[in-house]
Amino acid sequence: MKNILRIVIALVCVLAGATVALAQQKDEAGCKDHPMFTRMPGYWIYKCVDKQFDAYAFVTGPGKTETVEGRKATWTYYPQAKATDKPSELQIKRNFEAAIQKAGGKIVGADKGRQTFTLTADGKEIWVEVWAEFTGKYGFTIVEKKAMAQDIVATAEVFSNDIRSTGHAAIYGIYFDSGKSVIKPESDAALAEIAKLLNSDPGLKLNVVGHTDNVGQMDSNMKLSQARAEAVAQALITKHGIATTRLKGYGVSSLAPVTSNESDAGRAKNRRVELVKQ
């Protein structure tokens, strides 16, 4: 009898300790609410991940997704174990829907318990996917859409090898704002490598060819690709001392894609500048 009593007391102590531990569930170390959303009352952050650049396939309809690249953040919330009145899946989703619509966003699609929204904040296109379970758990993924900052730039030697073997070289380290032909400062490293290529071979003459994706009208994209090609040629002439007679700019819009324009990743790859030997 005494042994049974000891076991019962021990179990009570264990359960009491577990209850205290569960009642004190705290946010994962280093996590706090995302700046865009507060949390549902009585919840704690189970996990949070924030990456400077990543991709995510957002639900846009039954069996459909759209992959978006940019700064990606994922948050997961659990209800406190002591909570007795947990919100329903619908309640959680309606809260997010109201908050996003109040910020000027709209729903893009839904499938299998997930909803996707888009909105614009501080000039950035933002995608949000929300999910919730009958257990009370919920979470969301946010991507601030943007192009990846090119940290690794192909060298003059790579460009030279490509031109020798195929007659042209694709340059992916030259950047422009959408619809603009002004070269961004982060393009300097790629321009320096092109200048290095030209300086290493004084007899080399190049056509600088601008390419766009298929978004927009052909006529405007043709003008844009031409303007971008000429901007690259002019930067090489004025900043790197390359002779005007060695460079000629051309634009071909979306007439020579290297891959399909059906995805964001494909369109990004098709937006490029190429060097073609004259």
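Residues numbered from 1 in each chain as written. Predicted model: local features only at pLDDT ≥ 70, side-chain atom pairs only at ≥ 80, totals over all residues. Heavy atoms only, no water.

Any chance you could explain the packing of helix H4 (residues 188-200) against helix H5 (residues 218-240) here in plain terms?
If you want to describe how two helices pack, look at the angle between their axes and the distance between the axes. Interhelical geometry of H4 versus H5 gives an angle of 75° and a closest axis separation of 10 Å. Viewed along their axes, H4 and H5 adopt a mutual orientation that is roughly perpendicular. Contact with H4, carried on its side by Asp188, Leu191, Ala192, Ile194, Ala195 and Leu198, involves Val232, Ala235, Leu236, Lys239 and His240 of H5 and no other residues of that element. (Axes fitted to C-alpha atoms, helices over the stretch in contact; angles between N-to-C directions. Helix = DSSP H or I, 4+ residues; strand = E, 2+ residues; numbered from the N terminus. Parallel < 35°, antiparallel > 145°, perpendicular 65-115°, else oblique. Contact = heavy atoms within 4.5 Å.)

Teacher, can you tell me more about the packing of aromatic side chains here?
What describes a pair of aromatic rings is the distance from one ring centre to the other and the angle between the planes of the rings. A complete count under the given rule lists 13 aromatic pairs for this structure. A ring pair is formed by Phe37 and Phe96, whose centres lie 5.0 Å apart and whose planes are at 65°; its orientation type is edge-to-face. Of this pair, Phe37 sits in the loop between helix H1 (2-23) and strand S1 (43-61) while Phe96 sits in helix H2 (residues 89-102), and the two are 59 residues apart along the sequence. The residues Phe37 and Phe96 share a single accessibility class, namely buried. Ring centres of Trp75 and Phe140 lie 6.3 Å apart, and the angle between their planes is 0°; this geometry places the pair in the stacked category. With Trp75 in strand S2 (residues 64-79) and Phe140 in strand S6 (residues 138-145), this pair connects stretches of sequence that are 65 residues apart. When sorted by exposure, Trp75 lands in the same class as Phe140, which is buried. Pairwise contacts between aromatic rings join Phe37, Tyr43, Trp75, Tyr77, Phe96, Tyr138 and Phe140 into one cluster. The lysine or arginine in question, Lys137, covers the ring of Tyr78, its NZ or CZ lying 4.4 Å from the ring centre. (Phe/Tyr/Trp six-rings, centres within 6.5 Å; stacked < 30°, edge-to-face > 60°. Buried < 20%, exposed > 50% of the residue type's maximum accessible area, 1.4 Å probe, protein only. Lys NZ or Arg CZ within 6 Å of the ring centre and 35° of its normal.)

Sorry, what's going on with H5 here?
Residues lying three or four places apart along an α-helix face the same way, a consequence of the helix completing one turn every 3.6 residues. With 23 residues, H5 should reach 33 Å at 1.5 Å per residue; the first-to-last C-alpha distance of 32 Å fits that figure. Turning to H5, its buried residues are Asn221, Leu224, Ser225, Arg228, Ala229, Ala231, Val232, Ala233, Ala235, Leu236 and Ile237. Buried residues along H5 sit in contact with H4, strand S8 (206-211), strand S9 (247-251) and strand S10 (272-277). At the exit of H5 stands Gly241, carrying a positive phi of roughly 70°. (Expected span 1.5 Å × (residues − 1).)

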